[in-house]
Amino acid sequence: MYPLKFSSIVKPKVWGQEAWLLSGYGDEVSVVTNGYLKGNDLNDLLETYMDELVGGKVYDRYGNYFPLLLKVIDAEDDLSVQVHPNDEQAEAEEQLGKTEMWYVMDAKKGAQVVSGFSQDTSEEEVRDSLADATLQELLRRQPVKKGDVIAIPAGRVHALCKGTKVAEIQESSDLTYRLYDYNRPDKNGQLRPLHVEKAIQVLDWKATESPLTSYECEPNASANLLRDEHFTTNIIRITATIGRDYAPLDSMVIYLCVAGEAVIHALDADAEQQSVSIKEGECVLLPATLNDIRLEPKSAEASIMETYIE
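Keep in mind that what you see is a predicted model, and the values were worked out from it rather than measured.

J.: Describe the layout of surface pockets, with residues and values.
T.: Taken as a whole, the largest pocket holds about 610 Å³ of empty space. What lines the largest pocket is a set of 31 residues, among which Lys13, Trp15, Asp174, Arg178 and Arg192 lie closest to the centre. If you list the elements that add at least two residues to the lining of the largest pocket, you get strand S2 (9-13), strand S3 (16-22), strand S6 (68-75), strand S8 (100-107), strand S12 (158-160) and strand S14 (177-180). Looking at which element gives the most residues to the lining of the largest pocket, the answer is S2, with three residues. Its residues placed into classes, the lining of the largest pocket shows 10 nonpolar, eight polar and 13 charged. Each pocket or cavity is described by its volume, and for the second largest pocket that value is around 170 Å³. Forming the boundary of the second largest pocket are 15 residues, of which Tyr180, Asp181, Tyr182, Asn183 and Leu194 lie nearest the centre. Every element with two or more residues in the lining of the second largest pocket is listed here: helix H5 (123-131) and S14. A class-by-class count of the residues in the lining of the second largest pocket yields eight nonpolar, four polar and three charged.

Here it is in structure tokens:
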């Protein structure tokens with residue numbers, strides 16, 4: 001096994017564009033672009049290599065279902081105000097729930113995100129606000145800048161707003177319940193459907209005090225951004241070659257580069273070095289059998305999001 005790169009699945013949207021960097025979801029399955037496995041898709045690899053690819057604990061939990069989905073989202077306009085169900089609530093639709101997080105790769109002056117309610121609210125208040133088009137008065141708006149991190153647990157109302165570009169880590173699910181979409185037509189001139197009743201059933205009515213994750217990361221070190229039952233994500237800043245030891249994890253590791261460029265050097269089971277480059281907006285999957293990793297910067301500084309399942 002070796003570090004795997006994949007082709008991006010680019011999706012134009014009414015509000016901008018999103019690229020699915022690593023996906024085993026539905027028909028949108030990522031395909032390997034490097035090495036002897038080039039041309040194989042992620043689900044083929046999982047069926048063939050099983051725990052060698054994702055790790056024993058992960059395979060025992062999810063089987064032949066790749067549990068994570070990584071994206072880059074470029075919002076030229078506001079995304080809909082929406083909410084996602086948790087795993088239990090999503091069972092009826094035979095999907096995982098959708099806990100996710102955003103890392104802000106770029107933000108124009110004045111950029112914001114919506115994350116949660118500004119005060120404790122209720123079903124009645126939300127229904128009334130939808131009826132008189134005042135929902136946005138109930139929402140918590142947060143100014144954002146490059147490097148900010150926003151955790152979006154299942155149940156939290158949220159919206160990415162125009163002028164933001166984010167890397168998104170999420171459960172492998174596409175269950176999105178729209179509450180409000182600005183009465184905006186799609187490319188065919190039709191209004192996109194809303195899912196008010198489903199949204200009402202899964203909303204967290206509590207106020208969000210501070211949606212931003214607080215962290216500090218020194219050069220050539222890492223800092224935790226999110227630790228959740230679904231995934232753990234850290235940020236690594238690289239200005240010199242550093243090592244990472246993943247032997248204790250028993251999980252695949254996914255790198256998503258959010259700034260700069262680097263080279264990933266991995267020692268395989270025969271102590272042979274396998275190397276692959278990664279630059280901003282790309283991701284690399286390290287199979288669970290690769291434990292001894294070195295990260296070498298190819299720009300003055302590189303920043304990489306590191307995701308695995310504990």
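J.: So, a negative patch on the surface: which residues are in play, and what are the values?
T.: Together, Glu124, Glu125, Asp128, Asp132 and Glu137 give the surface a local cluster of negative charge. Mapped onto the secondary structure, Glu125 falls in helix H5. Glu125 sits in the partly exposed class, given a relative accessible area of 32%.

J.: How would you sum up the pattern of salt bridges? Please name residues and give values.
T.: Per the counting criterion, the structure on display carries 15 salt bridges. Between Glu282 and Lys5 there is a salt bridge, with its nearest N and O atoms 3.1 Å apart. Taken together, the positions of Glu282 in the loop between strand S20 (273-279) and strand S21 (283-286) and Lys5 in strand S1 (residues 4-5) put the pair 277 residues apart, joining distant regions of the chain. Using a relative accessible area of 22% as the deciding quantity, one classes Glu282 as partly exposed. Among the residues examined, Lys5 registers a relative accessible area of 15% and is labelled buried. The closest approach of N and O atoms between Glu28 and Lys11, which form a salt bridge, is 2.9 Å. Taken as a pair, Glu28 in strand S5 (residues 28-29) and Lys11 in strand S2 lie far apart in primary sequence, 17 residues in all.

Reading the values: the criteria
Residues numbered from 1 in each chain as written. Predicted model: local features only at pLDDT ≥ 70, side-chain atom pairs only at ≥ 80, totals over all residues. Heavy atoms only, no water. 1 Å grid on protein atoms, 1.4 Å probe; cavity = no way out; pocket = protein on both sides within 12 Å on 5 of 7 lines; lining within 4 Å. Points joined across faces, edges and corners; volume = space filled by probe spheres on them. Helix = DSSP H or I, 4+ residues; strand = E, 2+ residues; numbered from the N terminus. Nonpolar A, V, L, I, M, F, W, Y, C, P; charged D, E, K, R; others polar. Patch = residues over 30% accessible without salt bridge, like charges linked within 9 Å, V, L, I, M, F, W, Y side chains within 5 Å. Areas by Shrake-Rupley, 256 points an atom, 1.4 Å probe, with all protein chains shown as cover. Salt bridge = Lys/Arg side-chain N within 4 Å of Asp/Glu carboxyl O. Lys, Arg positive; Asp, Glu negative; His and termini not counted. Charge placed at Lys NZ, Arg CZ, Asp CG, Glu CD. Buried < 20%, exposed > 50% of the residue type's maximum accessible area, 1.4 Å probe, protein only.

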